[in-house]
Amino acid sequence: MKIACIGAGYVGGPTMAMVALKCPEIEVVVVDINEERIKAWNSEKLPIYEPGLFEVVKECRGRNLFFSTDTKKHVGEADIVFVSVNTPTKTHGIGAGRAADLTYWEGAARLIASVSSSSKIVVEKSTVPVKTAEAIGKVLKRNCLNPDVNFEILSNPEFLAEGTAMEDLKHPDRVLIGGADTPSGQKAIQTLAEVYAHWIPRERILTANLWSAELAKLTANAFLAQRISSINAISALCEATGADVSQVAHAIGTDSRIGGKFLNASVGFGGSCFQKDILNLCYVCESVGLKEVADYWGQVVSMNDYQKQRFVERVIGAMFNTVSGKKIAVYGFAFKKDTGDTRETPAIDVCKGLIRDGAKCCIYDPEVKAEQIFRDLSAPKFEWDRPNYSRSQSHMLENVQVQSDPVAAADGAHAICVLTEWDEFKKYDFAALYEKMVKPAFIFDGRNILDHAKLREIGFITYALGKPLDPFLVKGY
């Protein structure tokens, strides 16, 4: 058997590496038209950072795992083709700002059809709107010249969490495979299930119809994001009343019906999926006339935007209602720890909000490159997921500096904003940093990872999100 995967990104690369590791008799090839990315996958410095990924790639690369730009050859030879291309949010036209843009998906389908001389199983790995399989089936059928070739489309959504992706792939809660309720569709489901059964217990391999599988992915992300927005809404109330959001979260999290996961209040959720999938879900609901359902889920995104704006306003308000010309050290740009991924990271909106008010942001992140930070801060909304997005709005970058050293980032700063929960931030010598900063020196902990009592002892004016306010921060009007 030979497997090809179109798309060498955060999903395709790690997933195929794990398949190659666990199925040594299967040849796995990851293809992408981006030569730079493929070169990086074949190098000692992979294009994405994920704990444990490099070790797996190194073990399998050249044995039964290959990375190539020869898309036609490898897709043509494959028995199973995974499609892991971007499905960004549309930026213009009908459904702009909500609907998924399936341009790359359609291009992949046309490629598969054009090079197929044998029947294939085509697997949706990207997150797609409900009923995408139907559209893709039509493209495949009408563009394949060989009448003897049959395509079976399966939905096999990924449920990885960045930072723990390799562990999630090794020991998943479940693998979901959706297919057509026909003999050939069921046979295709079993073929893919046998690949996963190399290392995953059969009872964890769930099967469903195509539409249920597609919708399950959107729904899973919507539910997780909803929990974050819910606790973030309560964090605002905690600050207004003197309650402590950590204590509230712990109290409700010990209820077995609720559980303790995804109840850490923060400056907001990010990542490539949550916002995009919820907006997509809203659009699907609106398309079938379910406006109230769309409005309900849309509020999850609205609350996330509110939380980021609230954080910006808290920083500006605390610093005497002006950050103009003030240096603010930003610790963390990735959307969460243990990943270099910056897609939809809350840091983008927070930095933009501070810069609009005249602040000079000095950013440090242990894994995110300076080039990526500048690209993210100069890209228009929803354009981050496109290969050649516009470089406009670069004037915003006049007030941005990227530092490779956290001490240098804080030197001469009025404030430190913690926007990612990297473990290393907890270990810094904050007394030494305090000496280098302009007084009064502020710390705004957007992740609640620091020792706030100790920071106050040092002399910092400390804001901990969702916790009783430092008297200095309480407005007297």
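Residues numbered from 1 in each chain as written. Predicted model: local features only at pLDDT ≥ 70, side-chain atom pairs only at ≥ 80, totals over all residues. Heavy atoms only, no water.

A. Structural view of the domain arrangement of the chain. Partitioning the chain into domains gives domain 1 (2-216) and domain 2 (266-473). Distance from the C-alpha centre of domain 1 to the C-alpha centre of domain 2: 33 Å. Contact residues are listed per partner, giving 26 residues for domain 1 and 27 residues for domain 2. Carbon and sulfur atoms supply 49% of the area buried between domain 1 and domain 2, which totals about 2,200 Å² over both sides. Its largest share of buried area at the contact with domain 2, domain 1 owes to Tyr-49, Arg-98 and Glu-162, together 32% of the area lost on that side. Summed over the shared surface of domain 1 and domain 2, the result is 2 salt bridges. Glu-162 is the salt-bridge partner of Arg-343, the closest N and O atoms lying 3.6 Å from each other. Linking domain 1 with domain 2 are 5 residue pairs in polar contact (both at pLDDT 80 or more), by the criterion used here. For the side of domain 1 that touches domain 2, the residue count by class is 12 nonpolar, 8 polar and 6 charged. (Domains from an automatic or database assignment. Contact = heavy atoms within 4.5 Å. Buried area = accessible area lost by both parts, 1.4 Å probe. Salt bridge = Lys/Arg side-chain N within 4 Å of Asp/Glu carboxyl O. Polar contact = N/O pair within 3.5 Å; in protein donor to acceptor, adjacent residues only side chain to side chain. Nonpolar A, V, L, I, M, F, W, Y, C, P; charged D, E, K, R; others polar.)

B. The arrangement of the nonpolar core in detail. Counting residues in hydrophobic clusters, the biggest one holds 63 residues, and the most contacted among them are Phe-311, Tyr-331, Ile-416 and Phe-444. Per-element tally for this core: the top contributor is helix α13 (residues 346-356), with 6 residues. One finds Cys-5, Leu-21, Val-57 and Phe-82 within the second-largest nonpolar core, a separate group that totals 41 residues. (Core = buried A, V, L, I, M, F, W, Y, C linked by side-chain atoms within 4.5 Å. Buried < 20%, exposed > 50% of the residue type's maximum accessible area, 1.4 Å probe, protein only. Helix = DSSP H or I, 4+ residues; strand = E, 2+ residues; numbered from the N terminus.)

C. Local environment of the packing of aromatic side chains. A complete count under the given rule lists 20 aromatic pairs for this structure. Judged by centre distance (6.4 Å) and plane angle (45°), the rings of Phe-262 and Phe-274 are tilted. Of this pair, Phe-262 sits in the loop between α10 (245-253) and α11 (274-287) while Phe-274 sits in helix α11; the two residues are 12 residues apart in sequence, bridging distant segments of the chain. A relative accessible area of 12% places Phe-274 in the buried class. A ring pair is formed by Phe-320 and Phe-472, whose centres lie 6.0 Å apart and whose planes are at 70°; its orientation type is edge-to-face. Remark: Phe-472 occurs in the segment after β14 (461-464) and Phe-320 occurs in the loop between α12 (291-318) and β9 (327-331); sequence separation between them is 152 residues. Classification of Phe-472 by relative accessible area gives partly exposed; the value is 38%. Three or more aromatic residues joined by ring pairs form one cluster here, namely Tyr-331, Tyr-364, Phe-425, Tyr-428, Phe-430, Tyr-434 and Phe-460. In this arrangement the basic side chain of Arg-174 is found over the ring face of Phe-159, its NZ or CZ atom lying 3.6 Å from the centre. Between Lys-439 and the ring centre of Tyr-434, over which it is positioned, the NZ or CZ distance is 4.7 Å. (Phe/Tyr/Trp six-rings, centres within 6.5 Å; stacked < 30°, edge-to-face > 60°. Lys NZ or Arg CZ within 6 Å of the ring centre and 35° of its normal.)

D. Here's a closer look at the pairing of strand β12 (residues 415-418). Residues Ala-415 and Cys-417 of β12 are buried on one face, and the alternating residues Ile-416 and Val-418, pointing to the opposite face, are buried as well. Where β9 and β12 come together, 4 bridges link them in parallel fashion. By the bridge assignment for β12, Ala-329 is matched with Ile-416. As defined by bridge partners, β12 adjoins strand β13 (residues 442-445) across 4 bridges and the pair is classed as parallel. Looking at β13, one finds that Cys-417 is bridged to Phe-444. (Pairing = 2+ DSSP bridges.)

E. Structural context of the UniProt feature "active site" (unreviewed entry) in the chain. Sites flagged by UniProt as "active site" (unreviewed entry) map to Cys-273. Judged by its relative accessible area of 14%, Cys-273 falls in the buried class. Ignoring any residue separated from it by four or fewer positions in sequence, one finds Cys-273 in contact with Thr-127, Glu-158, Lys-217, Asn-221 and Ile-278. (UniProt positions renumbered as here; feature names shortened; annotations may be inferred.)

F. Spotlight on helix α1 (residues 12-22). By the criterion of burial, α1 is predominantly enclosed, with 10 of the 11 residues buried. Looking at α1, one finds that the buried residues are Gly-12, Gly-13, Pro-14, Thr-15, Met-16, Ala-17, Met-18, Val-19, Ala-20 and Leu-21.

G. Molecular detail of the sheet that holds β9. Spatial strand order, β11-β10-β9-β12-β13-β14: 6 strands in an open sheet with parallel pairing. Here the strands that pair on one side only, and so sit at the sheet edges, are β11 (400-402) and β14. Strand-to-strand twist of the sheet, defined as the mean angle between neighbouring strand axes without regard to direction, takes the value 20°. Relative to β11, strand β10 (residues 360-364) runs parallel, the two sharing 3 bridges. In the sheet register, Ile-363 faces β11, and the bridge partner there is Val-402. (Axes fitted to C-alpha atoms, helices over the stretch in contact; angles between N-to-C directions.)

H. How the structure looks around the environment of Trp-41. For Trp-41, the location among the structural elements is in helix α2 (residues 35-41). Overall, the relative accessible area of 0% leaves Trp-41 in the buried class. Taking C-alpha positions, Trp-41 is 8.3 Å from Gly-13, a pair spaced 28 residues apart along the chain. Ignoring sequence-local partners within four residues, the contact set of Trp-41 consists of Ala-8, Gly-9, Gly-13, Pro-14, Leu-46, Pro-47, Ile-48, Leu-53, Val-57, Arg-61 and Phe-67. A polar atom in the side chain of Trp-41 sits 2.8 Å from the backbone oxygen of Ala-8.

I. Just the pairing of β10, in detail. Among the 5 residues in β10, 4 count as buried, and that is most of the element. Remark: the β9/α13/β10 crossover connection has right-handed handedness. (Right-handed = clockwise from strand over helix to strand, strands pointing away.)

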